[in-house]
Protein chains: 2
Amino acid sequence: MNKLLIVGTVAFDAIETPFGKTDKILGGAATYIGLSASFFNVQSAIVSVVGDDFPQEYLDLLTARNIDISGLEVVNGGKTFFWSGRYHNDLNSRDTLDTQLNVLADFQPKVPQDYKNAEIVMLGNLHPLVQSSVLDQMETQPKLTVLDTMNFWMDCALPELMDVIKRVDVITINDEEARQLSGEYSLVKAAAKIHTMGPKYVVIKKGEHGALIFHNKEVFFAPALPLEEVFDPTGAGDTFAGGFAGYLTQSENISFENMKNAIIQGSNLASFCVEKFGTDRMLDLDKTEVVSRLQQFKSLTQFDIEL
Amino acid sequence: MNKLLIVGTVAFDAIETPFGKTDKILGGAATYIGLSASFFNVQSAIVSVVGDDFPQEYLDLLTARNIDISGLEVVNGGKTFFWSGRYHNDLNSRDTLDTQLNVLADFQPKVPQDYKNAEIVMLGNLHPLVQSSVLDQMETQPKLTVLDTMNFWMDCALPELMDVIKRVDVITINDEEARQLSGEYSLVKAAAKIHTMGPKYVVIKKGEHGALIFHNKEVFFAPALPLEEVFDPTGAGDTFAGGFAGYLTQSENISFENMKNAIIQGSNLASFCVEKFGTDRMLDLDKTEVVSRLQQFKSLTQFDIEL
């Protein structure tokens, strides 16, 4: 079984949507990535940090899904990273109400010895120096490195971000971030420019409008599943990335053709994530539902024109 | 060869985009629909009206593509419908600068005798009373009726619009219009509500974000082809509808499975339409290019996950 190394936040989130609001609940990029990847046959580990205010039951949720948390540091006397946000009525945009870095401020990631030879490394959204540090600690060259990031790092740590972007195979960002990073409005042009920064594969997430993966002159598109209601978009992008990385780890095939399947798997899992608050839906999801919805993705997109 | 009857405007357009502006050029929903449908093996006719200011060369462009214009009335001393608009920088929205109904104000459509038994009827965007009048004139029940409309008629002729919507098999509208017509934000819910108004098939156009077709609980999605540059979106929706209707007319198969192909054909043709001003690209397009780009749609969307 191949290994997937995940770095990213493990956090408390407080979320407001038009449908309701939560107190501090389980959140964080690495959490969503790990839960999503756990739907595949992979060995996975999370590298992250929390404070000693982080409940044991949340840690148990991760280990119950065979996620190795030996690289998840618990800082005594420290407080867990906290994010709070409010979504607008269309759920496509949100305001950040509060961000408390807490233990994340001085985070030095430590890759567990067992995972220094992981085949796939998924660098979730975090300070680019942390992402680089994880790559530095690898003892064998991973078969594939995937990086997720956001506009915040483009604004305040661009040189460090460019350094880590140069080192990865795949980058996943949203459409607005792709435009900001490249200075190009057209996503085709944006992807071409981001290729020149390093990544051979550029994944552009468009939220409810699906996701694109570009590789040289090739491009593939996965729609988001049309849903009656999106309840809470928090974690959808990370769940997408986790499905993408998890599927590639399981299938041991990193061809572009198989990345198409991986993008569909990611979109499929993300379509569940948004159905409830936070991680709720990912935690009550079973594999039968996942497969059944993949069938929906097939009927949604597959056609048969004779050429 | 099956017959396709098209009703819609034949017009002068004056267009401004970030890339330039045109004088009065050939435009109109029926023009784009007719040109698009002419890429299929169909007999087609346009029912519309122009003034005697409409150049013979434009009429010749239509007849050169085997479009029957015996139902295109030329009003002596009348002026052709004129629309002028300016697109914003993102090309997703536009302002109407001028609309002169002219001969359209008193238009009484006359379906040519030869087309009163047309298998497919494509009702392009026009006053719903004109659309209804065309249906009234049919002597045999068409196999399929397709209606395109816009928010303008929802604002100022809603009862008449609801009357004609009740009578058609397929409606094509954009996402904002679907929301306005149904009062539902979710497109899944909007489509379900529009089903109850009459149409068994609801096509929702999302511009650069592709198009959906809903049929009861089934749904299919066609992406827009990612393009380096969109030059002028004018007529893209009509070109899409023309490709949809033209392909269905040619293939003599109106199953939902074949409508999936039709949606792809429509998206494919629309992807050319936006590459130049007005009808320019549709006029210099050849069938080899059309087939070659269909292949791109296949690689863009087809995947192979074993379930």
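Parameters and conventions
- Here the residue index of a chain counts from 1 through its sequence in written order.
- Each chain is given a letter, starting from A, and each ligand a number, starting from 1, according to the order in which they appear as written.
- Local features are withheld for residues below a pLDDT of 70 in this predicted model, meaning they are given only at 70 or higher, and side-chain atom pairs are given and counted only at 80 or more; totals for whole chains, interfaces and linings count all residues.
- Processing note: side-chain calculations cover all non-hydrogen atoms of the structure and skip hydrogens and water entirely.
- Nonpolar core, defined: a set of buried Ala, Val, Leu, Ile, Met, Phe, Trp, Tyr and Cys residues in which side-chain atoms within 4.5 Å join the residues together.
- Each residue's exposure class comes from its accessible area (1.4 Å probe, protein chains only) as a fraction of the maximum for that residue type: buried when under 20%, exposed when over 50%, partly exposed otherwise.
- Any pair of residues with heavy atoms lying within 4.5 Å of one another is described as a contacting pair.
- By definition, the buried area sums, over both parts, the 1.4 Å-probe accessible area that each loses when the two are put together.
- Between Lys or Arg on one side and Asp or Glu on the other, a salt bridge is scored when a side-chain nitrogen of the former is within 4 Å of a carboxyl oxygen of the latter.
- Side-chain atoms alone can form a polar contact between residues adjacent in sequence; in general such a contact is a pair of N or O atoms within 3.5 Å, and within protein one must be able to donate a hydrogen while the other accepts it.
- Where helices and strands are cited, they refer to DSSP runs of H or I of at least four residues and of E of at least two residues respectively, numbered from the N terminus.
- Each residue gets one label: Ala, Val, Leu, Ile, Met, Phe, Trp, Tyr, Cys and Pro are nonpolar, Asp, Glu, Lys and Arg are charged, and the others, such as Gly, are polar.
- Superposition of the copies was done by least squares, using only C-alpha atoms of residues whose pLDDT is at least 70 in both.
- Between any two strands, at least two bridges found by DSSP are needed for them to pair.
- UniProt positions are given in the numbering used here, feature names are shortened, and annotations may be inferred rather than shown by experiment.
- Within 6.5 Å between ring centres, the rings of Phe, Tyr and Trp (the latter by its six-membered ring) count as paired, and their orientation is classed by plane angle as stacked under 30 degrees, edge-to-face over 60, tilted in between.

A. Summary view of the nonpolar core. In this structure, Leu5 of chain A together with Leu5 of chain B are the most contacted members of the largest nonpolar core, which totals 223 residues. If we skip the residues at most four places from it in the chain, Leu5 of chain B touches Ala45, Val47, Val111, Tyr115, Ala118, Ile120, Val121, Met122, Val134 and Met138 of chain B.

B. How the structure looks around the interface of chain A and chain B. Tallying the contact residues gives 36 residues for chain A and 35 residues for chain B. Summed over both sides, the interface of chain A with chain B buries roughly 3500 Å², with 59% coming from carbon and sulfur. Area buried by chain A at its contact with chain B is led by Phe303, Ile305 and Leu307 of chain A, which between them contribute 20% of it. Note that Glu229 of chain B and Lys189 of chain A form a salt bridge whose closest N and O atoms lie 2.5 Å from each other. The interface formed by chain A and chain B includes 20 residue pairs in polar contact (both at pLDDT 80 or more). Every element with two or more residues in the side of chain A that touches chain B is listed here: helix H7 (187-196), strand S15 (218-222), helix H9 (256-273) and helix H11 (287-301) of chain A. Its residues placed into classes, the side of chain A that touches chain B shows 17 nonpolar, nine polar and 10 charged.

C. Here's a closer look at the pattern of salt bridges. Summed over the entire model, instances satisfying the criterion amount to 32 salt bridges over all chains. Salt bridges linked by common partners bring Glu275, Lys276, Arg281, Asp284, Glu289 and Arg293 of chain A together as one network.

D. How the structure looks around the relation of the copies chain A and chain B. Superposing chain A onto chain B requires a rotation of 180° together with a translation of 0.0 Å along the rotation axis, leaving an RMSD of 0.0 Å. Such a combination of turn and shift is consistent with a two-fold rotation axis. When you check the interface residues of chain A against chain B, 97% turn up at the interface there too, and the contact is symmetric in its surfaces.

E. Summary view of the environment of Ala14 of chain B. Residue and element names in this part refer to chain B. Following the sequence through the fold, Ala14 ends up in strand S2 (residues 11-17). A sequence separation of 264 residues divides Ala14 from Gly278, and the C-alpha atoms of the two residues are 9.0 Å apart. Discounting chain neighbours no more than four positions away, the residues touching Ala14 are Thr22, Asp23, Phe82, Trp83, Ser84 and Gly85.

F. Quick peek at the pairing of strand S9 (residues 94-100) of chain A. Sheet topology places strand S8 (residues 82-87) of chain A next to S9 of chain A; six bridges connect them, and they run antiparallel. In the sheet register, Trp83 of chain A faces S9 of chain A, and the bridge partner there is Thr99 of chain A.

G. How the structure looks around the UniProt feature "domain: Carbohydrate kinase PfkB" (unreviewed entry) in chain A. Look at the UniProt record and you will see "domain: Carbohydrate kinase PfkB" (unreviewed entry) annotated at residues 21-281 of chain A. A helix fraction of 37% and a strand fraction of 23% characterise residues 21-281 of chain A, whose end C-alpha atoms lie 16 Å from each other.

H. Geometry of unusual backbone geometry. For Glu252 of chain A, which is not glycine, the phi torsion reads 50° and is therefore positive. Positionally, Glu252 of chain A belongs in the loop between helix H8 (236-251) and H9. Phi is positive for Asn66 of chain B, close to 60°, though the residue is something other than glycine. Taking relative accessible area as the criterion, Asn66 of chain B reaches 63% and is therefore assigned exposed.

I. Inspection of the packing of aromatic side chains at higher detail. Residue and element names in this part refer to chain B. Taken as a whole and assessed by the stated rule, the structure comprises 17 aromatic pairs over all chains. Seen from their ring centres, Phe12 and Phe54 are 5.6 Å apart, and the 40° between their planes marks the pair as tilted. On the criterion of sequence distance, the pair formed by Phe12 in strand S2 and Phe54 in the loop between strand S5 (43-51) and helix H2 (56-64) is long-range, its members being 42 residues apart. Taking 5.3 Å as the distance between ring centres and 15° as the angle between the ring planes, the aromatic pair formed by Phe19 and Phe231 counts as stacked. Linking Phe19 in the loop between S2 and strand S3 (20-21) with Phe231 in the loop between strand S15 (218-222) and helix H8 (236-251), this pair joins segments that are 212 residues apart in sequence. Given a relative accessible area of 39%, Phe19 falls into the partly exposed group. By relative accessible area, Phe231 is classed as partly exposed at 23%.

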